[in-house]
Amino acid sequence: MTLVSQLLLATLLVALTVIVHLTGLAVLLAVLRRYRRAARRFLVVVLNGAAILVAAFGLFALHSIEIWIWAGLYEWLGAFPDFEHALYFSTSTYVTIGYGDVVLPAGMRILGAIEGASGIILIGWSTAFFFSIVDRMKLLERHFEGDHSP
């Protein structure tokens, strides 16, 4: 693959994974907003725990989808002998571990570098999202601590 074709293909995949991530976060927010209607403190605590679990598993699912998208590209390009190698490489690259035991062939390495950059940005975005959700839950709990109604 030429450098230009690698850059174009990587740009398309980055755009796709950002759209997947944005859509997933919007869905998670919509689901998490439903829990706010709890009127009793006990229910708020239980729902907060459930919301944190939903957010954590939802973020994990989002990143898994994005990793599989990149692995699908490597499989489609025939970069590895099988899908397991493509998925392994994609996972270790996306999370920027990059063991180096499985590498892209020459002419495709820019794709891996861009996947790593994309992955770390999306993981950072998820971290900020998760922190924001937990912080809002703390504020809601403080609100209910001030309310001494049964």
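Moving on, we get to the packing of aromatic side chains. As enumerated under the stated definition, the model contains six aromatic pairs in all. Aromatic pair Y74 and F89: ring centres 5.4 Å apart, planes at 75°, arrangement edge-to-face. Placement of Y74 in helix α2 (residues 41–77) and of F89 in helix α3 (residues 83–94) is noted, with a sequence separation of 15 residues between them. By the burial criterion, Y74 is buried, and F89 matches it. Aromatic pair Y88 and Y99: ring centres 6.4 Å apart, planes at 15°, arrangement stacked. Of this pair, Y88 sits in helix α3 while Y99 sits in the loop between α3 and α4 (109–146), placing them eleven residues apart in sequence. Given the relative accessible area of 55%, Y99 is considered exposed.

Right, let's get into the side chain of Q6. Residue position: Q6 is located in helix α1 (residues 3–33). The buried category is assigned to Q6, whose relative accessible area is 4%. Excluding residues within four positions of it along the chain, Q6 makes contact with M1, G107, M108, R109, I110 and L111.

Let's shift gears to the environment of I114. Within the fold, I114 resides in helix α4. I114 sits 104 residues away from A10 along the chain, and the two C-alpha atoms are 6.6 Å apart.

It is worth spelling out the nonpolar core at this point. Among the nonpolar cores identified, the biggest contains 19 residues, and Y74, F80, L104 and L111 are the most heavily contacted of them. Sorting the residues of this core by element identifies α1, α2, α3 and α4 as the ones contributing at least two each. Among the elements that take part in this core, α2 stands out by supplying five residues, more than any other. If sequence neighbours within four positions are ignored, Y74 has contacts with A79, F80, A86, F89, S90, L104, L111, G112 and E115. In terms of nonpolar packing, the next biggest core, distinct from the first, is built from eleven residues, L25, A51, A55 and L62 among them.

Attention now goes to the environment of A10. Take A10: it is sitting in helix α1. In this structure A10 comes out as buried when scored by relative accessible area, which is 0%. Note: C-alpha distance between A10 and I110 (100 residues apart in sequence) is 8.2 Å. Those residues in contact with A10 that sit more than four places away from it in its chain are W70, L111 and I114.

Quick notes on the rules
Residues numbered from 1 in each chain as written. Predicted model: local features only at pLDDT ≥ 70, side-chain atom pairs only at ≥ 80, totals over all residues. Heavy atoms only, no water. Phe/Tyr/Trp six-rings, centres within 6.5 Å; stacked < 30°, edge-to-face > 60°. Helix = DSSP H or I, 4+ residues; strand = E, 2+ residues; numbered from the N terminus. Buried < 20%, exposed > 50% of the residue type's maximum accessible area, 1.4 Å probe, protein only. Contact = heavy atoms within 4.5 Å. Core = buried A, V, L, I, M, F, W, Y, C linked by side-chain atoms within 4.5 Å.

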